Amino acid sequence: MGHVYKITEVVGTSTVSSDDAIRNAIATASVSLKNLGWYEVVSHRGHIEDGEVAHFQITVRIGFRLEDH
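These lines cover the structure that appears in this document, whether it is placed above or below.

Parameters and conventions
- Residues numbered from 1 in each chain as written.
- Predicted model: local features only at pLDDT ≥ 70, side-chain atom pairs only at ≥ 80, totals over all residues.
- Heavy atoms only, no water.
- Pairing = 2+ DSSP bridges.
- Helix = DSSP H or I, 4+ residues; strand = E, 2+ residues; numbered from the N terminus.
- Axes fitted to C-alpha atoms, helices over the stretch in contact; angles between N-to-C directions.
- Salt bridge = Lys/Arg side-chain N within 4 Å of Asp/Glu carboxyl O.
- Buried < 20%, exposed > 50% of the residue type's maximum accessible area, 1.4 Å probe, protein only.
- Core = buried A, V, L, I, M, F, W, Y, C linked by side-chain atoms within 4.5 Å.
- Contact = heavy atoms within 4.5 Å.

Turning next to the sheet that holds strand β1 (residues 5-14). The strands making up a sheet are joined through hydrogen bonds of the backbone, oriented either antiparallel or parallel. The 3 strands are arranged β1-β3-β2 in an open sheet whose pairing can be described as antiparallel. Edge positions in the sheet fall to β1 and β2 (36-49), since each of these pairs with one other strand and no more. Each strand axis lies, on average, 15 degrees off the axis of its neighbour in the sheet, ignoring direction. Here β1 runs beside strand β3 (residues 52-65); their pairing, made up of 10 bridges, is antiparallel.

The full count for this structure, using the stated rule, is 4 salt bridges. Here Glu-67 makes a salt bridge to Lys-34, at a shortest N to O gap of 3.1 Å. Placement of the pair is Glu-67 in the segment after β3 and Lys-34 in the loop between α1 (18-32) and β2, with a sequence separation of 33 residues. Judged by its relative accessible area of 42%, Glu-67 is partly exposed. Three or more residues joined by partner-sharing salt bridges are found here, namely Glu-9, Glu-40 and Arg-61.

Listed in full, the 8 residues of the largest apolar core are Ala-21, Ile-22, Ala-25, Ala-29, Phe-56, Ile-58, Val-60 and Ile-62. Those elements giving two or more residues to this core turn out to be α1 and β3. Sequence-distant contacts of Ile-62, that is, excluding residues within four places in its chain, are made with Lys-6, Ile-7, Thr-8, Val-10, Ala-25, Ile-26, Ala-29, Leu-36, Trp-38 and Tyr-39.

In summary, the side chains of a regular strand alternate between the two faces of the sheet. The sheet contact formed by β2 and β3 spans 12 bridges and is antiparallel. Bridge pairing in β3 links Gly-46 to Phe-56. Connecting the antiparallel pair β2 and β3 is a turn made up of 2 residues, with Asp-50 showing a positive phi of about 55 degrees.

Of note in the backbone geometry, Asn-35 takes a positive phi value of approximately 60 degrees without being a glycine. By the secondary structure assignment, Asn-35 is in the loop between α1 and β2. In this structure, Asp-50 is a non-glycine residue whose phi angle is positive, near 55 degrees. Mapped onto the fold, Asp-50 is located in the loop between β2 and β3. Among the residues examined, Asp-50 registers a relative accessible area of 82% and is labelled exposed.

Dropping the structure here:
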């Protein structure tokens, strides 16, 4: 029998990098969700201050496996 997944969408932010923003999103989601299995970047945007990137804002879809009962 195959697995069933649910998908949630979250936005991670970081002042360091887009990779760090993705990792922040996944780490925070893993506190309340179990069985995280994959992620997909949906959008990549940021905030600009004084001509430089000040914040990376990355929207990710995270798939997590539902438990069989």
